[in-house]
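One letter stands for each residue in the lines below.
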Amino acid sequence: MITSLTTTGSSTHGDLYELDAIAAVIIGGTLLTGGRGTIAGSVLGVLVFTTISNLFILNNLQTETQNIAKGVIIVIAVLLQRRGRQTAT
């Protein structure tokens, strides 16, 4: 997709997209400890995470700050999942 949009190819295209994919799936409700997710949850996670990323861009945050914020969002989502899992058992 990136190559078709930019009409160039580079080995650095798509760097840190795995971070976005993991964050979107976690926000969508899939457990990192080996749970099953739903397509609807993953799509919802993508929409939420894309909205957050767009807000970062609109507020002119530096790329480094955006990546740190995305990492913090992942950590918070994992901690919330662990907390919810502990109270359920």
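Summarised in this report is the structure supplied together with it. Owing to the predicted nature of the structure, the values given are computational and were not obtained by experimental measurement.

## Brief notes about the overall build of the chain
Phase 1: Along the backbone of the chain there are 4 helices and 0 strands.
Phase 2: For the chain, the α and β elements follow one another from N to C terminus as α-α-α-α.
Phase 3: Taking the principal axes of the C-alpha coordinates as reference, the chain spans close to 50 × 25 × 20 Å.
Phase 4: Across the 89 residues of the chain, 17% fall into the buried class.
Phase 5: Within the chain, contacts between residues at least 6 apart in sequence are counted, and of these 44% link residues at least 24 apart.
Phase 6: Working note: accessible area of the chain is about 6600 Å², and carbon and sulfur atoms make up 64% of it.
Phase 7: On the chain, the mean spot of the 5 positive side-chain charges and the mean spot of the 4 negative ones are 22 Å from each other.

## Topic: helix 3 (residues 39–58)
Phase 1: A rise of 1.5 Å per residue sets the reference length of helix 3, with its 20 residues, at 28 Å; its end C-alpha atoms lie 28 Å apart and thus fit the reference within 8%.
Phase 2: Once helix 3 ends, the next one or two residues include asparagine 60, with phi positive near 55 degrees.

## Side note on helix 2 (residues 17–27)
Phase 1: For helix 2, the full list of buried residues reads Leu19, Ala23, Ala24 and Ile26. With its buried residues spanning 165 degrees around the axis, helix 2 presents them on a single face.

## Some thoughts on the packing of helix 2 against helix 3
Phase 1: For the pair helix 2 and helix 3, interaxial distance at closest approach is 7 Å and the crossing angle is 120 degrees. When the interaxial angle is binned, helix 2 and helix 3 end up oblique. Where helix 2 crosses over helix 3, the handedness of that crossing is right-handed. Mapping the contact onto sequence places Asp20, Ala23, Ala24, Val25 and Ile27 in helix 2 and Ser42, Gly45, Val46, Val48 and Phe49 in helix 3.
Phase 2: For the contact of helix 2 with helix 3, the per-class residue count stands at 7 nonpolar, 2 polar and 1 charged.

## What to know about unusual backbone geometry
Phase 1: Even without a glycine there, the phi angle at asparagine 60 is positive, about 55 degrees.
Phase 2: Tracing the chain through its elements places asparagine 60 in the loop between helix 3 and helix 4 (63–88).

## Some words on the pattern of salt bridges
Phase 1: Inspection of the entire model under this criterion finds 1 salt bridge.
Phase 2: With its nearest N and O atoms 3.3 Å apart, the salt bridge here joins lysine 70 to aspartate 20. On the criterion of sequence distance, the pair formed by lysine 70 in helix 4 and aspartate 20 in helix 2 is long-range, its members being 50 residues apart.

Basis of the calculations
- Residues numbered from 1 in each chain as written.
- Predicted model: local features only at pLDDT ≥ 70, side-chain atom pairs only at ≥ 80, totals over all residues.
- Heavy atoms only, no water.
- Helix = DSSP H or I, 4+ residues; strand = E, 2+ residues; numbered from the N terminus.
- Buried < 20%, exposed > 50% of the residue type's maximum accessible area, 1.4 Å probe, protein only.
- Contact = heavy atoms within 4.5 Å.
- Areas by Shrake-Rupley, 256 points an atom, 1.4 Å probe, with all protein chains shown as cover.
- Lys, Arg positive; Asp, Glu negative; His and termini not counted.
- Charge placed at Lys NZ, Arg CZ, Asp CG, Glu CD.
- Expected span 1.5 Å × (residues − 1).
- Arc of directions from axis to C-beta.
- Axes fitted to C-alpha atoms, helices over the stretch in contact; angles between N-to-C directions.
- Parallel < 35°, antiparallel > 145°, perpendicular 65-115°, else oblique.
- Left-handed = near helix turned anticlockwise from the far one by under 90°.
- Nonpolar A, V, L, I, M, F, W, Y, C, P; charged D, E, K, R; others polar.
- Salt bridge = Lys/Arg side-chain N within 4 Å of Asp/Glu carboxyl O.

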